[in-house]
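Commentary on secondary and tertiary structure
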Amino acid sequence: MLRALLSSFVFIAASVMSADRPNVLIIVADDLGYNDVGFQGSKEIPTPHLDKLAASGIRCTNGYVSHSFCSPTRAGMLTGRYQHRFGHENNPGWKPESTTEGLRMDQITLPELMRKAGYSTGAVGKWHLGAHPQFHPMKRGFDEYFGALGGGHKYFPESGKVAAVEYSIPLDRNGKSEAQTKYLTEQFGDEAAAYVQRHAEDGKPWMLYLAFNAPHTPLEAPESWLAKLGHIEEGNRRTYAAMVCAMDAAIGQVMDKLEATKQRENTLVFFVSDNGGPHLAFRNLGNFTDNSPLQGAKGSLYEGGMRVPFLVSWPAKLKPGVYEQPVISLDFLPTAVTLAGGEVPKDRPIDGVDLMPYLSGEKSGAPHERLFWRTGGFKGTHAVRQGPWKFVQKAGGEPELYDLAVDVGEAKNLAKEKAEMVAQFTDAIAEWEKGTIAPTFESPNANRPVKKKKKAE
C-alpha cells in the first residue's frame, strides 16, 4: 500500500513538473527575405499562419542569426556559442568520408541538454552539419530524425538531377534511407505534425527542431500555389513566393496540430530564417528576394545578411508585443534549457542568454552588450552591433559606422565623424577574436573560379 502511494506521488509530481515546463519548437526557414512575410510588411506574399504566430507572440524587430549563411548559423544555434569559437565558419561539403567537415564532436548541443533534462527530442528537415555518420542528428542529441542531411534537396520526387549530389539522394529516417513521396515542404510539415501528435500524451515534454529547406533554391513550387500568385509577374519571384506560401501552410499544419492536441498554450515557439534572402543574379535567377529596408543579402555582413524575421511565442507566459533590443539565435539554447530545468554548460563560454526575463518584462535593458559577426576568418570581414550602432570592417576596406536608429539601410557612413567610436569597436573585435579560432574547413565553392562573361563582338 505504501509503495503504491509513493508511486502515485512520484507520478503526480512528475506530471506537475512536466506541465510547468514548455514544449519547445524551433522553426527555421532557409534563405527567407526580410520583407517576404506578412508580419514584416509584405503585401505580395500571403503568410497567414506566420502572421497568426506573430500576433500570438513577440516580434523581435532587431533579431539576428550568428552568421550570414547557412551551416554556421545552424552550428551556433544548436550550441549557443559563436561558431567561430570552434572553427565552423563555412559550409561543410557533402563528404561522407570526412570526420572534420561538420559540427565538431566536442561541442555540446541543445538537444543533448534537453534530453538530459528529461525531454524527448526530434528533428525534421535540413541538417547541413556534416555528412559523416558521426555527425548524424541522432548522434548529436536527437531521439529521432527525418529529413535531408545535406545543404539542400530537390522539392519534387520527380525532379531531374540537380548540380549538388546531396540534392538528389534519398531522405533519411533515423539513419536509414527513405524515398521522398511528395513536395518536400509538405512532407516536412506532415512529419512535424505527426511528431506533435505522437508526443501529445506520452507524459514527457518535447523539443522539435523543424528546419525547412524552403525557400532555398532550386526554385520549385506546386502549381496550386503558383496559380494563386498571378499578381506577381516576374517568374522566379512568383515561384519563390509560392515556396514561401507552401512553407507557411506547412507551419500552419503544425500549429493546428498543437491546438488540436491542446499543447499550444504551453509550447514555446521560435521562428527565424537562417540568414537573409540571397541576391542570385549571378545564377541568372534575378534578385527575387526582398530584404528591404535593409542593405545587403545572404553572405553580407550588412543588415540584410543576418538580420531576419524573428518570432518568440509562448501563450501561457508571454504577452504578445514587440521587442526592440537586439537578440540572436544563440539565445535559443540558454532560454530553452533554463525553462526545461536543465543546466547550461559551465565549462565553456556560452554566448547566448536566457531571453525570458527580458521578454516577460522582468528585466530591462539589453540582453547583450555587443553582438559580433565574422566571415572569411581573422583577415575577413567583421561586424559589431552595440546599441543602435553598427560597425563594419571589410578586409582591406575603410571602416564603416552606422546609426541604425535613424539609418537602418546603412546608407550614411559616420566613421570619419566618430573616430573614437571606431577605435573602440576595433578594440572590441580584437578582444572577441581571442576566443575564436581560424575556420577548420572551407566552403565547397570557396576556390571555384569565377566565369567571366565574353565581351560582345
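It should be noted that the structure appears before, not after, this text.
Below is a short write-up of the structure. Think of each chain on its own: its residues are numbered from 1, step by step along the sequence as written. Thresholds applied to this predicted model are a pLDDT of at least 70 for local features of residues and 80 or more for the giving and counting of side-chain atom pairs; totals over whole chains, interfaces and linings are not thresholded and use all residues. Side-chain calculation: all heavy atoms of the structure are included, whereas hydrogens and water are not.

Topic: the sheet that holds strand β8 (residues 206-211)
Strand pairing in a sheet is mediated by backbone hydrogen bonds. Such pairs are either parallel or antiparallel. Keep this limit in mind: Any two strands with at least two DSSP-identified bridges between them are counted as paired. A run of DSSP states H or I qualifies as a helix once it reaches four residues; a run of E qualifies as a strand once it reaches two. Both are numbered from the N-terminal end. To define axes, lines are fitted to C-alpha atoms, for helices over the stretch in contact only, and angles between the resulting N-to-C directions are given on a 0 to 180 degree scale.
If you trace the 10 strands from one edge of the open sheet to the other, you get β7-β6-β5-β4-β8-β1-β9-β10-β2-β11, paired in mixed fashion. Edge strands, defined here as strands with exactly one partner in the open sheet, are β7 (176-178) and β11 (321-323). In this sheet, adjacent strand axes meet at a mean angle of 15° when their direction is disregarded. In terms of strand pairing, strand β2 (residues 58-60) meets β11 through three bridges, oriented parallel. Looking across to β11, one finds that Ile58 is bridged to Gly321.

Focus: the environment of Asp190
Note the threshold: Each residue's exposure class comes from its accessible area (1.4 Å probe, protein chains only) as a fraction of the maximum for that residue type: buried when under 20%, exposed when over 50%, partly exposed otherwise. Here a residue-residue contact requires only that any non-hydrogen atoms of the pair lie within 4.5 Å.
Relative to the elements of secondary structure, Asp190 occurs in helix α5 (residues 184-198). Among the residues examined, Asp190 registers a relative accessible area of 28% and is labelled partly exposed. Considering only alpha carbons, one finds Asp190 and Ala250, 60 residues apart in sequence, at a separation of 7.5 Å. Setting aside anything within four residues of it in sequence, one finds Asp190 in contact with Lys182 and Gln253.

Let's talk about the pattern of salt bridges
Note the threshold: Salt-bridge detection follows one rule: a side-chain nitrogen of Lys or Arg within 4 Å of a carboxyl oxygen of Asp or Glu.
Following the criterion strictly, the structure yields 24 salt bridges and no others. Here Arg374 ties to Glu89 by a salt bridge, and the two come within 2.8 Å at their closest N and O atoms. Residue Arg374 is found in strand β13 (residues 371-375), and its partner Glu89 is found in the loop between α3 (70-79) and α4 (110-116); the two are separated by 285 residues along the sequence. The exposure class of Arg374 is buried, given its relative accessible area of 0%. Among the salt bridges present, the one from Arg115 reaches Asp143, with a minimum N-O distance of 2.9 Å. Highlighted residues: Arg115 in helix α4 and Asp143 in the loop between β4 (120-126) and β5 (144-148), separated in sequence by 28 residues.

A word on the sheet that holds strand β14 (residues 381-386)
Within the open sheet, the four strands sit side by side as β13-β14-β15-β16. Their pairing is antiparallel. The open sheet has two free edges, formed respectively by β13 and β16 (400-403), since each of these has just one partner strand. Between one strand axis and the next, the sheet turns by 15° as a mean value, whatever way the strands run. Where β13 and β14 come together, five bridges link them in antiparallel fashion.

Thoughts on the side chain of Asp274
Short version of the rule: Whenever two N or O atoms come within 3.5 Å, that pair is a polar contact, provided that in protein one can donate a hydrogen and the other can accept it, and provided that, for residues adjacent in sequence, both atoms are side-chain atoms.
In this fold, Asp274 is placed in the loop between β9 (267-273) and α8 (303-306). By relative accessible area, Asp274 is classed as buried at 0%. In terms of polar contacts, Asp274 uses its side chain to reach the backbone amide nitrogen of Asp31, at 2.9 Å. Among all residues touching Asp274, those that are not within four sequence positions of it are Val28, Ala29, Asp30, Asp31, Val65, His67, Phe69, Cys70, Thr73 and Arg74.

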